[in-house]
Amino acid sequence: MKFDYFEHVSFAATVCDKEGIVLYQNACSIERNGNVIGQNLYGCHNPRSAAMIKDMIAHGGSNTYQVIKHGQLRLIHQTPWYEEATGEVAGLIELSIAMPDNCPTYNRDKKE
């Protein structure tokens, strides 16, 4: 049984291959960004962002930051996904999560 875990969540999920071609968007991503499946994501990123994406794909790094878009604070996390057979980077997954205005931070290292 195939279950698309990203289809039933409240955040946007977008997946590209190592050339930057969008392979997948969940419904939230399509609603926010339009359907860009089959398009190259470098066309919607500035040169600095495109260089960062290429570096993550080349070296397997991740990137996390916050952005305000359409008046909403969002947490963006970009991370590679890997070919199962070879373990090589196959592309990136980007998650875009709406953040509440007063998002609490809990220190799980601190003993209370």
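Heads up: the structure comes first, above all this text.
Residues numbered from 1 in each chain as written. Predicted model: local features only at pLDDT ≥ 70, side-chain atom pairs only at ≥ 80, totals over all residues. Heavy atoms only, no water.

*Asks:* Any chance you could explain the sheet that holds strand S2 (residues 22-25) here in plain terms?
*Replies:* The pairing of strands in a sheet happens through backbone hydrogen bonds and is either parallel or antiparallel. Ordered by their spatial adjacency, five strands build an open sheet running S2-S1-S5-S4-S3, and the pairing between neighbours is antiparallel. A strand with exactly one partner marks an edge of an open sheet, and here the two such strands are S2 and strand S3 (63-69). This sheet shows a mean twist of 20 degrees between the axes of neighbouring strands, independent of strand direction. With nine bridges joining them, strand S4 (residues 72-82) and strand S5 (residues 89-98) adopt antiparallel strand pairing. Following the sheet pairing, Tyr82 is matched in S5 by Val89. The sheet strands contacting helix H2 (residues 47-59) are strand S1 (12-17), S3, S4 and S5, and the helix crosses S5 at an angle near 125 degrees. (Pairing = 2+ DSSP bridges. Helix = DSSP H or I, 4+ residues; strand = E, 2+ residues; numbered from the N terminus. Axes fitted to C-alpha atoms, helices over the stretch in contact; angles between N-to-C directions. Contact = heavy atoms within 4.5 Å.)

*Asks:* Just checking my understanding: could you explain the packing of aromatic side chains for this structure?
*Replies:* For any two aromatic rings, the description comes down to two numbers: the centre-to-centre distance and the angle of the planes. This model, assessed by the stated rule, comprises two aromatic pairs. When the centroid spacing of 6.5 Å and the interplanar angle of 40 degrees are considered together, the rings of Phe6 and Tyr24 count as tilted. With Phe6 in the segment before S1 and Tyr24 in strand S2, the pair connects residues that are 18 residues apart, well separated along the chain. By relative accessible area, Phe6 is classed as partly exposed at 28%. Of the aromatic side chains, those joined through ring pairs into one cluster are Phe6, Phe11 and Tyr24. Taking NZ or CZ as reference, Lys54 lies 4.9 Å from the ring centre of Tyr42, over its face. (Phe/Tyr/Trp six-rings, centres within 6.5 Å; stacked < 30°, edge-to-face > 60°. Buried < 20%, exposed > 50% of the residue type's maximum accessible area, 1.4 Å probe, protein only. Lys NZ or Arg CZ within 6 Å of the ring centre and 35° of its normal.)

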